[in-house]
Amino acid sequence: MQVVADKSTAPGARVRLHRSTGLRRGLVATFAAVLMLTSCQSIFEQAYVPTVSPSSNPQIVDEVQKNDPRAQMGAREHPRIVASYGGEYHDEKTEKLVARIAGALTAVSENPAQSYRITILNSPAINAFALPGGYLYVTRGLLALANDASEVAAVLSHEMAHVTANHGIERQRREEAEVIASRVVAEVLSSDIAGKQALARGKLRLAAFSRQQELQADVIGVRTLGEAGYDPYAAARFLDSMAAYSHFTSVDPDADQSLDFLSSHPNAPQRVELARRHARAFGPEGTHGETGRDYYLNGINGLLYGDSPQEGYVRGQTFLHGSLGIRFDVPEGFQIDNKVEAVLATGPGDVAIRFDGVADNQKRSLENYISSGWVTGLLPETIKPITVNGLEAATARASADRWDFDITVIRIGSQIFRFLTAVPKGSAMLDPTAEKLRSSFRRITPQEAASLKPLRVRVVTVGSGDTIGSLSARMMGTERKLELFRLINALTPTSTLQPGSRVKIISE
C-alpha cells in the first residue's frame, strides 16, 4: 500500500493504496459513481495510457535522444512507467541475471548494435515491454513466475522483436508525433503532481500492437531465442504458465488484469501452437539450447514476492501496514486486493469493500467531512459520530442505483481512513460486513510493525522425504498453497519431485 498524497482542492489530499488483481468491474464502477472528488482528477479515473511505441532506429539512449523526438518521448514516458509499476526494483544479483539474458539475445538479434536500458519494475504484475530509445522493462512478478532463463528470454525476445520489426513506426504513422507529444504534455499539466515520478493510476495499457504484429513478434522472438542458445520451446511453455497464473489470480472471469502481460499480449491456443511450430525448426523438444535453470534460480533466490513493504501486506483475511501503523480484517470468504488506488475486497453475494485514506489538513469534524461533497447518494440523516477502538470515527449510509452503502471514516493524527462497503439493495450483509471492518480496525504496536516481513521467493532442494504436499505446506501468503506451489514450479497434477532437484516456495 504505497502511499502518495496529492495536493488538491478536494476534501483532503488523495492517498493511493497499492495493488493486486481480481475485483468485479461493475462494483468498481459503482464505487466510482458514489465517491466524487471535486476540482481534481479522480482516483477512479483510467490510468495514463501511453501512446508511444518502439523506435525504428534504436541506439544508445543518450545519443538517440539528441536527434530522435520519438526517443525523447520514450524518455518522458519512463518515469510514468516506473511510477505506474511501483518504482524500480534493485537487487544486484537479479539485475545481473536479467542483463545476462538480454545480452545473449541482443548479440544474435536483427539489430545487435542496439543498447537497452533494462529496468526491473517493483511490481507483482506479470509483464515486460519495450519503449523507444532502448528502454526495456520486466516486472519482478514475471521473474518470480518463470522457472528458467529461457522463459524470461522468450518474453524479452518477443519485446525486442517489436523493435526490430518496426512495429512502433507502423503504429505511429497513424498519429503525428506532435499530437502524441501534446497528449503527453496535457497529461502532465493536468496533474497536480507534475514533475514528480508518482503518476500511478492503476491501469496501464502499452503499445496496442495488432494481432498480426504480435504473431510476427512471436516468430522473430522464437528464432532469436533459439539462435541465442536458449530452449526455443520456452516461449510456448511460458505462455501456458502466464495463462495459468492469470486464471489463478482471477476471482471471476471479468477480473481486472490490466497491468499484466496477457492483457496486451493475448494468449490464444493457436498462438501457443504457432510458437511450438517455429521452435520445431531447431529440432524436437529437448534437443536444442539450454534452459539456464540453475543459474536462473540462483539469480531469483530471495526475490521479493507480492506486495512490497511500502504497500502493506495482505495475510489471509487481514491487511496490515507497518508505516501507517494500521490493520483490519475482512469477513471469511472475502478476497483482499491491494491495488494502486485503494485496498479492495470482494465476497459472497456481490458484496464489495473499498479502503483508502486522505490527508486531513483542515481538522474539520468527521461528520462535516462526510457531508462535504465527496459522496453521492448520501443520506444526511444517517451521519453519526462513533468511536472505533478508541479512535474518533463517524458513519453514514448512501444509496445509488442498485446498491446500498455504508461509509465509515476514522481519524488517526493527520489522516482520515475511509471504508466504503457496497451491497445489492436490500441485502442483509451491509451491517455485519461494515461492523466487521470497524471492529477490527486498530493501530498496531511498534512491535507488531517491526515483525512484519515481506514474502520472498526461496529456492529449496528437494529432500528424500519431501513431497509436493509437504513442500507446499511451507508456502506463505495464500490459503491456496498447493495450487500456488504447482503454479510457480510449472507442475502438473501428475508431476512428482525428484530428490536433489530444486523448487521455489514463497515464504518470509
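For the structure, check the block above.
Residues numbered from 1 in each chain as written. Predicted model: local features only at pLDDT ≥ 70, side-chain atom pairs only at ≥ 80, totals over all residues. Heavy atoms only, no water.

What follows is about the overall build of the protein chain. Helices and strands together make up the secondary structure of the protein chain, namely 18 helices and 18 strands. Taking all 508 residues of the protein chain together, the buried fraction comes to 56%. Contacts in the protein chain between residues far apart in sequence, at least 24 positions, make up 69% of those at least 6 positions apart. As displayed, the protein chain offers around 20,300 Å² of accessible surface, 51% of which is attributable to carbon and sulfur atoms. (Helix = DSSP H or I, 4+ residues; strand = E, 2+ residues; numbered from the N terminus. Buried < 20%, exposed > 50% of the residue type's maximum accessible area, 1.4 Å probe, protein only. Contact = heavy atoms within 4.5 Å. Areas by Shrake-Rupley, 256 points an atom, 1.4 Å probe, with all protein chains shown as cover.)

A few words now on the side chain of lysine 504. Summarising the element assignment, lysine 504 is placed in strand 18 (residues 502-507). The side chain of lysine 504 sits in the buried core without any salt bridge; glutamate 151 is the nearest counter-charge, 6.6 Å away. In this structure the side chain of lysine 504 is engaged in a polar contact, spanning 3.3 Å, whose partner is the backbone oxygen of leucine 145. (Lys, Arg positive; Asp, Glu negative; His and termini not counted. Salt bridge = Lys/Arg side-chain N within 4 Å of Asp/Glu carboxyl O. Polar contact = N/O pair within 3.5 Å; in protein donor to acceptor, adjacent residues only side chain to side chain.)

Another point: the nonpolar core. Ile101, Leu143, Leu156, Tyr296 and Phe485 are the most contacted members of the largest nonpolar core, which has 64 residues in total. The element best represented in this core is helix 10 (residues 234-248), accounting for eight residues. Filtering out sequence-adjacent residues up to four positions away, leucine 143 remains in contact with Thr94, Val98, Ile120, Val138, Val152, Tyr296, Ile300 and Leu303. Judged by nonpolar contacts, the second largest core, of 23 residues, contains Val351, Ile353, Ile410 and Phe417. (Core = buried A, V, L, I, M, F, W, Y, C linked by side-chain atoms within 4.5 Å.)

In spatial order, the strands read 2-4-3; together these three strands make up an open sheet with mixed pairing. Whereas interior strands pair on both sides, the edge strands pair on one side only; in this sheet they are strand 2 (117-121) and strand 3 (128-131). The average undirected angle you get between the axes of adjacent strands in this sheet is 20°. Pairing of strand 3 with strand 4 (residues 135-139), which is carried by four bridges, proceeds in the antiparallel orientation. Looking at strand 4, one finds that alanine 130 is bridged to leucine 136. Set on the sheet, helix 4 (residues 92-108) makes contact with strand 2 and strand 4; between it and strand 2 the angle comes to about 135°. (Pairing = 2+ DSSP bridges. Axes fitted to C-alpha atoms, helices over the stretch in contact; angles between N-to-C directions.)

Per the counting criterion, the structure on display carries seven cavities of 30 Å³ or more. In this structure, the largest cavity occupies an estimated 120 Å³ of space. Of all elements in the fold, only helix 6 (149-164), helix 9 (211-227), helix 10 and helix 12 (269-279) reach the threshold of two or more residues within the lining of the largest cavity. (1 Å grid on protein atoms, 1.4 Å probe; cavity = no way out; pocket = protein on both sides within 12 Å on 5 of 7 lines; lining within 4 Å. Points joined across faces, edges and corners; volume = space filled by probe spheres on them.)

This part takes up the pattern of salt bridges. Summed over all chains, the structure comprises 19 salt bridges. In this structure, glutamate 392 and arginine 411 form a salt bridge, with 2.9 Å as the shortest nitrogen-oxygen distance. You can see glutamate 392 sitting in strand 13 (residues 391-400) and its partner arginine 411 sitting in strand 14 (residues 403-412), a full 19 residues away along the chain. A residue is classified by how much of its surface remains accessible, and glutamate 392, at 38% relative accessible area, is partly exposed. Measuring nitrogen to oxygen at the nearest pair gives 3.1 Å for the salt bridge that ties aspartate 406 to arginine 438. Of this pair, aspartate 406 sits in strand 14 while arginine 438 sits in helix 15 (residues 430-440), and the two are 32 residues apart along the sequence. Through salt bridges with shared partners, one network takes in Arg397, Asp406, Asp431, Glu435 and Arg438.

In this section: the sheet that holds strand 6 (residues 313-315). Ordered in space as 6-7-8-16, the four strands form an open sheet in which the pairing is antiparallel. Each edge of the sheet is formed by a strand with only one pairing partner; in this case those strands are strand 6 and strand 16 (442-443). Bridge count between strand 6 and strand 7 (residues 318-321): three bridges; the pairing is antiparallel. Each bridged residue has a counterpart across the sheet, and for arginine 315 the counterpart in strand 7 is threonine 318. Sheet strands touched by helix 15: strand 8 (326-329) and strand 16. Its angle to strand 8, the strand with the most contacts, is close to 150°.

Of note, glutamate 381 is situated in strand 12 (residues 378-388). You can call glutamate 381 exposed: its relative accessible area is 65%. In sequence terms glutamate 381 and alanine 396 are 15 residues apart; their C-alpha atoms lie 8.2 Å from each other.

What follows covers helix 18 (residues 481-488). Residues of helix 18 that are buried include every one of Leu484, Phe485, Leu487 and Ile488, and no others. Buried residues of helix 18, seen end-on, are gathered within an arc of 165° and therefore sit on one face of the element. Buried positions along helix 18 lie against helix 5 (140-145), helix 10, strand 5 (304-305), helix 17 (468-472) and strand 18. Two residues or fewer past helix 18, alanine 490 is found with a positive phi of approximately 50°. (Arc of directions from axis to C-beta.)

Remark: helix 10 packs on helix 18, axes separated minimally by 10 Å, with the N-to-C direction vectors making an angle of 160°. Considering their axes alone, helix 10 and helix 18 lie roughly antiparallel with respect to each other. Both helix 10 and helix 18 take part in a crossing whose hand is left-handed. Contacts from Ser241, Ala244, Tyr245 and Phe248 of helix 10 reach helix 18 at Glu483, Leu484 and Leu487. A class-by-class count of the residues in the contact of helix 10 with helix 18 yields five nonpolar, one polar and one charged. (Parallel < 35°, antiparallel > 145°, perpendicular 65-115°, else oblique. Left-handed = near helix turned anticlockwise from the far one by under 90°. Nonpolar A, V, L, I, M, F, W, Y, C, P; charged D, E, K, R; others polar.)

A few words on helix 12. All buried positions along helix 12 are accounted for by Arg271, Val272, Leu274, Ala275 and Ala279. The arc that holds every buried residue of helix 12, seen down its axis, measures 155°, which confines them to one face.

So, about the pairing of strand 15 (residues 415-424). Across the 10 residues that make up strand 15, a large majority, nine, are buried. Two elements, strand 11 (residues 351-359) and strand 15, share eight bridges in a ladder whose sense is antiparallel. Looking across to strand 15, one finds that isoleucine 353 is bridged to threonine 421. Count of turn residues in the strand 14/strand 15 antiparallel hairpin: two residues, of which glycine 413 carries a positive phi of about 60°.

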